[in-house]
Amino acid sequence: MNRFKIFLKPKKEESILRFHPWVFSGAIQKIEGNPEEGDLVDVYGANNTFLAVGHYQIGSIAVRILSFVPCEIDDLFWLDKIRIAYQLRCSLKLCRPENNTYRLIHGEGDSLPGLIVDIYANTAVIQAHSVGMHHARHDVARAIQKTIPDIKNIYYKSDTTLPFKANLNNEDGYLFGGKEIGTAIENGLTFNVDWIKGQKTGFFVDQRENRSLLEHYSAGRSVLNMFCYTGGFSFYAMRGNARLVHSVDSSAKAIALTKQNVELNFPSDPRHEAYAEDAFKFLGNMGDNYDLIILDPPAFAKHKNVLRNALQGYRKLNALAFEKIKPGGILFTFSCSQVVSKENFRLAVFSAAAQSGRNVRILHQLTQPADHPINIYHPEGEYLKGLVLYIE
Ligand code: SAH
């Protein structure tokens, strides 16, 4: 493939020398040739030394780096990356019959900026966030097939994640297989994952460990799973012997999925009820019935300029829970907004707690699981934050 050259301004190579995987457009002195979005580019310092190879992008991030050493981006490259990622997940004991649901590739965290791959039993769902990764989708699919022989289906789902302006006319669909679909299992619990119509790749894989922790706190408690989506936290609570579990989401589709999944794991269990309702309305109207509440809202801030509103949203939401939760209650509260820092989230939750005047203690500080690794040179990759609080 034709490779273009990009030369940086003097002194602008510093972040690459510290292995940060992005080159910002402001750092560029000169582009040789006329690369199109998604093309491979070699990045050089002002003194002509090779720095990196990556995918060219139009926008403030101009290059997403694939390698800091000169190399071909060929079948061997993809095979190597997928193999390393798979070995890590196997060593984390995620690839086994009792748990066949995990994230195989987490973008920068697996040195593949712009690429997400989630595995659900024998199906891999590929999601590209850049034009470069869109062009590479078949290479990635081949490498997955070669590395994980159990994979029988590969679905490509990028309609909502590709840069809108690139006009790629992408159509989501199977790159391979599509007939024999296996059952997704997380820690022994079974899920129907709808990668075709569902949010993200169909399931929130990143809450696996936090759901397990919740299970340990559930015995004898009345649980409210707010923002339940496909019900993940609910069945862990049920398996943990919760007294009752109420799942709430504003989306009727999500509630239907939750009900289906509860039925799969706990058929006709009278402990579970699900409601399609707005979170603020439900929390505002509910009594003090619950002593274990989960708040796992969608990202309130996707951009820095709405940060203030987002923090207010987290404060309001948490304040409702602090106000209503029974004494001795436990709150699992999360933020998945990348632009909201751990400190800011804590501050929002703290001011909600103070507003309630109750005695609140932090039992656990939660984050994303090991199959969503954070590249140490790319701290922006840390996005999931959670607190487990004990409220007197
Ligand atoms: N906890 C879930 C993931 C939550 S994703 C899990 O473990 O899988 C966020 C969910 O919040 C989505 O399902 C979305 O439909 C729901 N949601 C968004 N806005 C809402 C609102 N105002 N009230 C209730 N649910 C909302």
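Note that residues are indexed from 1 along each chain, following the sequence as it is written. The predicted nature of this model means local features are confined to residues of pLDDT at least 70 and side-chain atom pairs, given and counted, to a pLDDT of 80 or more, with totals for whole chains, interfaces and linings taken over all residues. As a rule here, side-chain values come from all non-hydrogen atoms in the structure, and water together with hydrogens is ignored.

**Re the pairing of strand S6 (residues 61–67)**
Argument step 1. Burial classes: relative accessible area under 20% of the type maximum marks a residue as buried, over 50% as exposed, and values in between as partly exposed (1.4 Å probe, protein chains only). Per the convention used, a helix needs a DSSP run of H or I reaching at least four residues, while a strand needs a run of E reaching at least two, with both numbered from the N terminus. For S6, a buried count of 7 out of 7 residues is recorded, marking the element as mostly surrounded by other parts of the structure.
Argument step 2. Relative to S6, strand S2 (residues 22–24) is paired through 3 bridges, and the arrangement is antiparallel. Pairing of valine 23 across the sheet is with valine 63, part of S6.
Argument step 3. By this definition, two strands are paired if DSSP reports at least two bridges between them. The pairing of strand S5 (residues 50–56) with S6 spans 4 bridges and is antiparallel. Bridge assignment links histidine 55 to a residue of S6, and that residue is arginine 64.
Argument step 4. Once S5 ends, the chain turns through 4 residues before running back antiparallel as S6, passing glycine 59 with a positive phi of about 140°.

**Some remarks on the sheet that holds strand S17 (residues 292–295)**
Argument step 1. Spatially, the 7 strands line up as an open sheet ordered S16-S15-S14-S17-S18-S20-S19, and their pairing is mixed. The sheet terminates laterally at strand S16 (272–276) and strand S19 (360–367), the two strands that pair on one side only. For this sheet, the mean angle separating the axes of adjacent strands, direction not counted, is 15°.
Argument step 2. Alignment of strand S18 (residues 329–335) against strand S20 (residues 385–391), held across 7 bridges, turns out to be antiparallel. Helix axes use the C-alpha atoms of the stretch in contact, all axes being lines fitted to C-alpha atoms, and the angles between their N-to-C directions lie in the range 0 to 180 degrees.

**Overview of the domain arrangement of the chain**
Argument step 1. A domain assignment, automatic or from a database, supplies the domain bounds used here. As far as domains go, the chain holds domain 1 (4–67), domain 2 (75–187) and domain 3 (206–391).
Argument step 2. Inter-centroid distance (C-alpha atoms) of domain 1 to domain 3 is 40 Å.
Argument step 3. Note on contacts: a residue pair is in contact if any heavy atoms of the two residues lie within 4.5 Å. Contacts between the two partners involve 5 residues from domain 1 and, on the opposite side, 4 residues from domain 3.
Argument step 4. Note on terms: buried area is the combined drop in 1.4 Å-probe accessible area of two parts once they are placed together, counting the loss on both. In total, domain 1 and domain 3 occlude about 400 Å² of area from one another, counting both sides; carbon and sulfur atoms represent 61% of this.
Argument step 5. It is Phe19, His20 and Trp22 that lose the most area in domain 1 upon contact with domain 3, and together they represent 72% of the buried surface on that side.
Argument step 6. When a carboxyl oxygen of Asp or Glu lies within 4 Å of a side-chain nitrogen of Lys or Arg, that pair is called a salt bridge. If you look at where domain 1 meets domain 3, you find 0 salt bridges.
Argument step 7. For the purposes of these results, a polar contact is taken to be a pair of N or O atoms within 3.5 Å, where, inside protein, one atom must be able to donate a hydrogen and its partner to accept one; residues adjacent in sequence count only when each atom of the pair is a side-chain atom. Between domain 1 and domain 3 we count 1 residue pair in polar contact (both at pLDDT 80 or more) in total.

**Observations regarding the nonpolar core**
Soluble globular proteins: nonpolar side chains tend toward being buried together.
Argument step 1. Residues belong to a common nonpolar core when they are buried Ala, Val, Leu, Ile, Met, Phe, Trp, Tyr or Cys residues joined through side-chain atoms within 4.5 Å. Core analysis: the largest hydrophobic core is formed by 33 residues, its most contacted members being Leu224, Met226, Leu283, Ile293, Leu295, Phe322 and Leu331.
Argument step 2. Looking at this core, the elements that each hand over two or more residues are strand S14 (222–226), helix H8 (279–285), S17, helix H9 (307–324), helix H10 (342–356) and S20.
Argument step 3. Of the residues forming this core, the biggest block, 9 residues, is contributed by H9.
Argument step 4. Every residue in contact with leucine 283, bar those within four places of it in the chain, is listed here: Leu224, Met226, Leu295, Leu317, Leu320 and Lys324.
Argument step 5. In terms of nonpolar packing, the next biggest core, distinct from the first, is built from 32 residues, Ala184, Val245, Cys336 and Tyr383 among them.

**As for the packing of helix H5 (residues 208–217) against helix H6 (residues 232–239)**
Argument step 1. As a packed pair, H5 and H6 sit with axes 8 Å apart at the nearest point and diverge in direction by 30°. As the angle between them shows, H5 and H6 are arranged roughly parallel. Crossing handedness for the pair H5 and H6: right-handed. Residue-level contacts link Arg208, Asn210, Arg211, Ser212, Leu214 and Glu215 of H5 to Gly232, Phe233, Tyr236, Ala237 and Arg239 of H6.
Argument step 2. Polar here means any residue outside two lists: the nonpolar Ala, Val, Leu, Ile, Met, Phe, Trp, Tyr, Cys and Pro, and the charged Asp, Glu, Lys and Arg; Gly therefore counts as polar. A breakdown of the residues in the contact of H5 with H6 according to their chemical character gives 4 nonpolar, 3 polar and 4 charged. Roughly parallel covers angles under 35 degrees, roughly antiparallel covers those over 145, roughly perpendicular covers 65 to 115, and oblique covers all other angles. If you view the pair so one helix is near and one far, a crossing is left-handed when the near helix is turned anticlockwise from the far one by less than a right angle, and right-handed when it is turned clockwise.

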